[in-house]
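So you can see what is in the structure, the chains are spelled out below.
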Amino acid sequence: MSSILKPVEAVGWAGIVAAKAVANFPSVLCRRTGREDLFRQLYATGIRTLPVVTVVSLFMGMILALQVGLELARFNQETLLGAAVMMTLLREMGAFCCGICLAACVGSAIAAELGTMKVNEEIDALVILRIPPMRFLAAPRILALILMAPVLAFYCCIIGAVGGGFVGATQFNVDFQQYMSGAFVMSEAKDLYVGILKATVFGFLVGVISVAEGLGTTRGATGVGKSTQRAVIVSFLAILISGYMVTRLFY
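Residues numbered from 1 in each chain as written. Predicted model: local features only at pLDDT ≥ 70, side-chain atom pairs only at ≥ 80, totals over all residues. Heavy atoms only, no water.

## Notes on the packing of aromatic side chains
Applying the stated criterion across every chain, the model contains one aromatic pair. Ring geometry for Phe-176 against Tyr-179: centres 6.3 Å apart, planes inclined by 25 degrees, an arrangement best described as stacked. Of this pair, Phe-176 and Tyr-179 both sit in helix H8 (residues 176-186), three residues apart, roughly one helical turn. Taking the relative accessible area as the measure of exposure, Phe-176 reaches 37% and is therefore partly exposed. With a relative accessible area of 1%, Tyr-179 lands in the buried category. Note that Lys-190 overlies the ring of Tyr-251, its terminal NZ or CZ placed 4.7 Å from the centroid. (Phe/Tyr/Trp six-rings, centres within 6.5 Å; stacked < 30°, edge-to-face > 60°. Helix = DSSP H or I, 4+ residues; strand = E, 2+ residues; numbered from the N terminus. Buried < 20%, exposed > 50% of the residue type's maximum accessible area, 1.4 Å probe, protein only. Lys NZ or Arg CZ within 6 Å of the ring centre and 35° of its normal.)

Spelled out as structure tokens, the structure:
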């Protein structure tokens, strides 16, 4: 019975964290110290993850171009390579790469940081000082992920398209200008909007899951490691499931 109740408790705790964090978003934006915390988290979420996001998205675009180009070459339709790669990136892979990188780089760091604070009783000290942990710790981190995820997803699409264009030019003799022209002409605004929506959802889920796991840490250093591991695994699963649901809703 306890094995059934634990996931329910985890979902309930994550829901509480999400509700309290969202309720504190106005306080973060209105208070000077809140904005300073938010800017620090935006820097950690966006700037520090750029090298990893760039490499992942570049090679993702190259892999997509190679695999799709091999099939298009069978029908002498290599000119459609740019459109195929860009639509795939906009609809799915750009947001997916962004979500995975955020879960691995940012979500794990959030869970480890908050977990360490929890086992060291620093969060209890904040409560004693009448500083709400949800406002001071949770809200800026979750809001930063929500704001930066769409930006990083769009960046992933651009870098991935450039990587695909390189493969198209070197492997399939597709002119880079023709490749990019097809990529932008054939793409629809709906693909971009759905990709941005997915990235926003992924950022919210990664933030809530990581904060919930960090604040729920117990059993010292071992608990910190387990919380960090659970945060990454659950974030990956949430990204896959929610990505399918959003795609099913709009397509």
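Next comes the rest of the description.
## Examining the nonpolar core
With 43 residues, the main nonpolar core has Cys-98, Leu-102, Leu-114, Ile-142 and Val-211 as its most contacted residues. Residue assignment for this core shows that the elements contributing at least two residues are helix H1 (2-23), helix H2 (25-30), helix H3 (32-47), helix H5 (81-119), helix H6 (122-128), helix H7 (133-171) and helix H9 (189-215). Sorting elements by how many residues they give to this core places H7 first, with 14 residues. In this structure Leu-102 touches Thr-45, Gly-107, Leu-145, Ala-149, Leu-152 and Val-206, once residues within four positions along its chain are discounted. With 17 residues, the next largest nonpolar core counts Leu-64, Ala-65, Val-85 and Leu-89 among its residues. (Core = buried A, V, L, I, M, F, W, Y, C linked by side-chain atoms within 4.5 Å. Contact = heavy atoms within 4.5 Å.)

## Details of a nonpolar patch on the surface
A cluster of nonpolar residues, Ile-233, Val-234, Leu-237, Leu-240, Ile-241, Tyr-244 and Met-245, forms a patch on the protein surface that exposes about 720 Å² of accessible area. Examined against the element boundaries, Leu-237 turns out to sit in helix H10 (residues 220-250). (Patch = residues over 30% accessible without salt bridge, like charges linked within 9 Å, V, L, I, M, F, W, Y side chains within 5 Å. Areas by Shrake-Rupley, 256 points an atom, 1.4 Å probe, with all protein chains shown as cover. Salt bridge = Lys/Arg side-chain N within 4 Å of Asp/Glu carboxyl O.)

## Details of the layout of surface pockets
Of the volumes computed, that of the largest pocket is approximately 570 Å³. Every residue lining the largest pocket is counted, 19 residues in all, and those nearest its centre are Lys-6, Ala-10, Trp-13, Glu-213 and Arg-230. Those elements that provide at least two residues to the lining of the largest pocket are H1, H9 and H10. It is H1 that contributes the most residues to the lining of the largest pocket, seven residues altogether. For the lining of the largest pocket, the per-class residue count stands at eight nonpolar, five polar and six charged. Put simply, the second largest pocket is a space of about 200 Å³. Around the second largest pocket, the lining residues are Gln-41, Ala-44, Thr-45, Arg-48, Thr-49, Cys-105, Val-106, Ala-109, Ile-110, Glu-113 and Arg-141. Mapped onto the lining of the second largest pocket, the elements with two or more residues apiece are H3 and H5. (1 Å grid on protein atoms, 1.4 Å probe; cavity = no way out; pocket = protein on both sides within 12 Å on 5 of 7 lines; lining within 4 Å. Points joined across faces, edges and corners; volume = space filled by probe spheres on them. Nonpolar A, V, L, I, M, F, W, Y, C, P; charged D, E, K, R; others polar.)

## Topic: the packing of H3 against H7
The contact between H3 and H7 brings their axes to 8 Å, and the two run at 45 degrees. Taken together, the axes of H3 and H7 lie oblique to each other. In this structure, the crossing between H3 and H7 has a hand that is right-handed. Contacts between H3 and H7 involve Asp-37, Leu-38, Gln-41, Leu-42, Thr-45 and Gly-46 from the first element and Phe-136, Pro-140, Arg-141, Leu-143, Ala-144, Leu-145, Leu-147, Met-148 and Leu-152 from the second. A per-class count over the contact of H3 with H7 returns ten nonpolar, three polar and two charged. (Axes fitted to C-alpha atoms, helices over the stretch in contact; angles between N-to-C directions. Parallel < 35°, antiparallel > 145°, perpendicular 65-115°, else oblique. Left-handed = near helix turned anticlockwise from the far one by under 90°.)

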